[in-house]
Amino acid sequence: MSYALLGLENPLLDIQAIVKQELMDKYGFVNNGAMLATEKEQPLYQELIDNYEVAYVAGGAAQNTTRGAQYLLPPNSTVYMGCVSNDHYADQMKKAASEDGLETKYQIVDGLPTGTCAVLITGHDRFLCANLSASEKFSLEVLQKPENWSIVESAKNFYIGAFFISHDGGYASSLAVGKHAAENNKPFTMNLSAPWVALAFRDRLDAVLHYADIVFGNEDEARSYSKVAGWGTDDVKEIAAKFAQLPKANTQRPRIVVFTQGSDETVVATGDKVTAHPVDKVDASEIVDTNGAGDAFCGGFLGLYCQGVEDLSKCVNAGHYIASLCIRRTGPTYPPKAERT
Ligand code: ADP
Ligand code: MG
Ligand code: MG
């Protein structure tokens, strides 16, 4: 089996439910917040499943993106790796991914649950509570087993989210895949993921960026990196141009840098060229929530790019299109293909 795209990162089963205010009050959650689960929030996930009508999404940023790319690719083009536990959550996640046409090759660890993210919906507000758990236990040793590494060897493009480098196994695996990509002249693409990654893991981020043929991010992540690097600019176009010029392992491909900015124009830099691509306006009344908009964008972009489309404005437009579908729905989901316009 040969895949057009292999995504790797921390898989989280999103458990979405419209909840009563009393649940928010019980845990002391304030609308539109986001947090990492502590001891106190551990019972939340089962409580949701027992008491509410829940929807499951195969989440975690890069898994969202890989599903998004599959949306535009021929059947069976994408595969995703990440670490889960041997539990019911993992079964649900595998099922949800497969319903989106995404093949999953999860690593499995014992002793702690599959990563989950509770998405608590109250009216137009969302509260996210993530329990990273097994999702942070990905290991290079397991990736290098022949049955897994053969998938890396067969994949034509790679995508990782920088969340992956915040744990040792994900970081080591990112470097190994990056090296393989560079040595074989295959595109290695990545997302800056969150402003804190550049702050907390600058050295690791730089080591992985060295392999990056495409760098995706949003305006906050671009500015955070610029600040950490001491570039002295907040201008997203200038920052994109600087990213494009950073040294890279594979000198056969100029780096492509793509920064989205919510409803503002998307900036693309490659070589010494910087272009801006406006976003089609989505009426505020049509926006359900923008969670995962950036992930969806990358999915759309890669859906075309991995088919060999070299016109970057077409790839950006595909990204805008998939993002516009995603923000009209709850969470990082895409409409069933039958509904496609
Ligand atoms: P992230 O989720 O990483 O912060 P952005 O907020 O930049 O990413 O959004 C990514 C893409 O989603 C944008 O380029 C755009 O296509 C779409 N998008 C996000 N917010 C809006 C919005 N308010 N109106 C229209 N499109 C949006
Ligand atoms: Mg944003
Ligand atoms: Mg993002």
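So, here's what we can say about the structure. This structure is a prediction, so every number in the text was calculated from the model and none was measured.

**Things to note about the sheet that holds strand β4 (residues 55-59)**
Right, so step 1: Reading across from one edge, β3-β10-β9-β2-β4 is the order of the five strands in this open sheet, with mixed pairing throughout. The open sheet is flanked by β3 (34-36) and β4, the only strands paired with a single partner. Between one strand axis and the next, the sheet turns by 20 degrees as a mean value, whatever way the strands run.
Right, so step 2: When strand β2 (residues 12-18) meets strand β9 (residues 116-122), the two strands line up parallel, connected through six bridges. Across the sheet, isoleucine 15 pairs through a bridge with alanine 118, a residue of β9.
Right, so step 3: The sheet strands contacting helix α2 (residues 44-51) are β2, β4, β9 and β10 (125-131), and the helix crosses β9 at an angle near 55 degrees.

**Concerning the layout of surface pockets**
Right, so step 1: The space that makes up the second largest pocket amounts to roughly 240 Å³.
Right, so step 2: Of the residues in the lining of the second largest pocket, the class split is seven nonpolar, two polar and two charged.

**Examining helix α11 (residues 236-245)**
Right, so step 1: The complete set of buried residues in α11 reads Val236, Ile239, Ala240, Phe243 and Ala244. Burial along α11 is one-sided: seen end-on, the buried residues are contained in an arc of 140 degrees.
Right, so step 2: Close packing links the buried residues of α11 with α9 (202-209), β13 (214-218), α10 (219-229), β14 (256-261) and β15 (264-270).

**Regarding the packing of α9 against α10**
Right, so step 1: Closest axis-to-axis distance for the α9/α10 pair is 12 Å, and the angle between their directions is 110 degrees. Considering their axes alone, α9 and α10 lie roughly perpendicular with respect to each other. The residues of α10 that touch α9, namely those facing Arg202, Leu205, Asp206 and Leu209, are Tyr225, Val228 and Ala229.
Right, so step 2: Considering only residue class, the contact of α9 with α10 consists of five nonpolar, no polar and two charged.

**Quick word on the side chain of threonine 65**
Right, so step 1: Structurally, threonine 65 can be placed in helix α3 (residues 61-72).
Right, so step 2: Residue threonine 65 is classed as buried on the basis of its relative accessible area, which comes to 0%.

**Side note on the packing of aromatic side chains**
Right, so step 1: Using the criterion set out here, one finds 16 aromatic pairs in the structure.
Right, so step 2: Ring centres of tyrosine 225 and phenylalanine 243 lie 4.7 Å apart, and the angle between their planes is 50 degrees; this geometry places the pair in the tilted category. In this pair, tyrosine 225 sits in helix α10 while phenylalanine 243 sits in helix α11, placing the two residues 18 residues apart along the sequence. For the residue pair tyrosine 225 and phenylalanine 243, the accessibility class agrees, reading buried in each case.

**Considering helix α13 (residues 312-326)**
Right, so step 1: Here α13 contains 15 residues, and its C-alpha end-to-end distance of 21 Å stays within 8% of the 21 Å for a straight helix at 1.5 Å per residue.
Right, so step 2: Here α13 lies mainly inside the structure; eleven of its 15 residues are buried.
Right, so step 3: Those residues of α13 that sit buried are Leu312, Cys315, Val316, Ala318, Gly319, His320, Ile322, Ala323, Ser324, Leu325 and Cys326.

**Section: the nonpolar core**
Right, so step 1: Among the nonpolar cores identified, the biggest contains 56 residues, and Leu44, Leu48, Leu120, Phe216, Phe301 and Leu302 are the most heavily contacted of them.
Right, so step 2: Of all the elements, α13 adds the most residues to this core, at eight residues.
Right, so step 3: Every residue in contact with leucine 302, bar those within four places of it in the chain, is listed here: Leu5, Thr65, Ala69, Tyr159, Thr189 and Phe216.
Right, so step 4: Counting residues in each nonpolar core, the second largest holds 47 residues, with Val177, Ala198, Ile239 and Ala240 among its members.

**Examining unusual backbone geometry**
Right, so step 1: For asparagine 76, which is not glycine, the phi dihedral falls at a positive 65 degrees.
Right, so step 2: Mapped onto the elements, asparagine 76 comes out in the loop between α3 and β5 (78-81).
Right, so step 3: Although it is not a glycine, serine 193 adopts a positive phi angle of roughly 70 degrees.
Right, so step 4: By secondary structure assignment, the location of serine 193 is in the loop between β12 (188-191) and α8 (195-200).

**Looking at the site of ligand 1**
Right, so step 1: Taken together, 15 residues surround ligand 1, and among them Asn218, Thr260, Gly262, Gly294 and Ala323 come closest.
Right, so step 2: One nitrogen or oxygen atom from the side chain of asparagine 218 is found 2.8 Å from an oxygen atom belonging to ligand 1.
Right, so step 3: Here an oxygen atom of ligand 1 sits 2.7 Å away from a polar atom, N or O, in the main chain of glycine 262.
Right, so step 4: Mapped onto the shell around ligand 1, the elements with two or more residues apiece are β14, α12 (293-305) and α13.
Right, so step 5: Tallied by class, residues from the shell around ligand 1 come to six nonpolar, nine polar and no charged.

**Section: the state of the cysteines**
Right, so step 1: A full pass over the atoms with the stated rule returns zero disulfides.
Right, so step 2: Just so you know, cysteine 326 is unpaired, no disulfide at all, and the nearest cysteine sulfur is the one on cysteine 298, 11 Å from it.
Right, so step 3: For cysteine 326, a relative accessible area of 0% corresponds to the buried category.

What counts, and where the lines are drawn
Counting starts from 1 at the beginning of each chain's written sequence and moves along it residue by residue. Labels follow written order: the first chain is A, the first ligand is 1, and so on. Local features are withheld for residues below a pLDDT of 70 in this predicted model, meaning they are given only at 70 or higher, and side-chain atom pairs are given and counted only at 80 or more; totals for whole chains, interfaces and linings count all residues. Hydrogens are left out, water is left out, and the side-chain values use all remaining heavy atoms of the structure. A pair of strands counts as paired when DSSP detects no fewer than two bridges linking them. Helix and strand labels come from DSSP, where a helix needs a run of H or I of at least four residues and a strand needs a run of E of at least two; each type is numbered from the N terminus. Each axis is a line fitted through C-alpha atoms, and for a helix only the stretch in contact is used; angles between axes span 0 to 180 degrees, taken between their N-to-C directions. The contact criterion used is simple: two residues touch if any of their non-hydrogen atoms lie within 4.5 Å. With a 1 Å grid laid over protein atoms only, a set of points is called a cavity when a 1.4 Å probe fits there but cannot get out and a pocket when it is open yet has protein on both sides within 12 Å along at least five of seven lines; lining residues have an atom within 4 Å of a point. Grid points are joined across faces, edges and corners, and a volume is the space filled by probe spheres set on the points. Here the nonpolar group is Ala, Val, Leu, Ile, Met, Phe, Trp, Tyr, Cys and Pro; Asp, Glu, Lys and Arg are the charged ones; every other residue, Gly included, is treated as polar. We call a residue buried when its accessible area falls under 20% of the maximum for its residue type, exposed when it is over 50%, and partly exposed in between, using a 1.4 Å probe and counting protein chains only. Of all possible arcs, the one meant is that of the directions from the helix axis to the C-beta atoms. We call two directions roughly parallel when the angle between them is under 35 degrees, roughly antiparallel when it is over 145, roughly perpendicular when it lies between 65 and 115, and oblique otherwise. Classification of ring pairs uses Phe, Tyr and Trp, with its six-membered ring standing for Trp, and accepts pairs whose centres are within 6.5 Å; under 30 degrees between planes counts as stacked, over 60 as edge-to-face, and the remaining range as tilted. To estimate the expected span of a helix, count its residues, drop one, and scale the result by 1.5 Å. Nonpolar core, defined: a set of buried Ala, Val, Leu, Ile, Met, Phe, Trp, Tyr and Cys residues in which side-chain atoms within 4.5 Å join the residues together. Consider each residue's heavy atoms; a residue with any of them within 4 Å of a molecule or strand counts as near. Residues adjacent in sequence count toward polar contacts only when both atoms are side-chain atoms; beyond that, a polar contact is any pair of N or O atoms within 3.5 Å, and within protein one must be able to donate a hydrogen and the other to accept it. In what follows, a disulfide is any cysteine sulfur pair within 2.5 Å.

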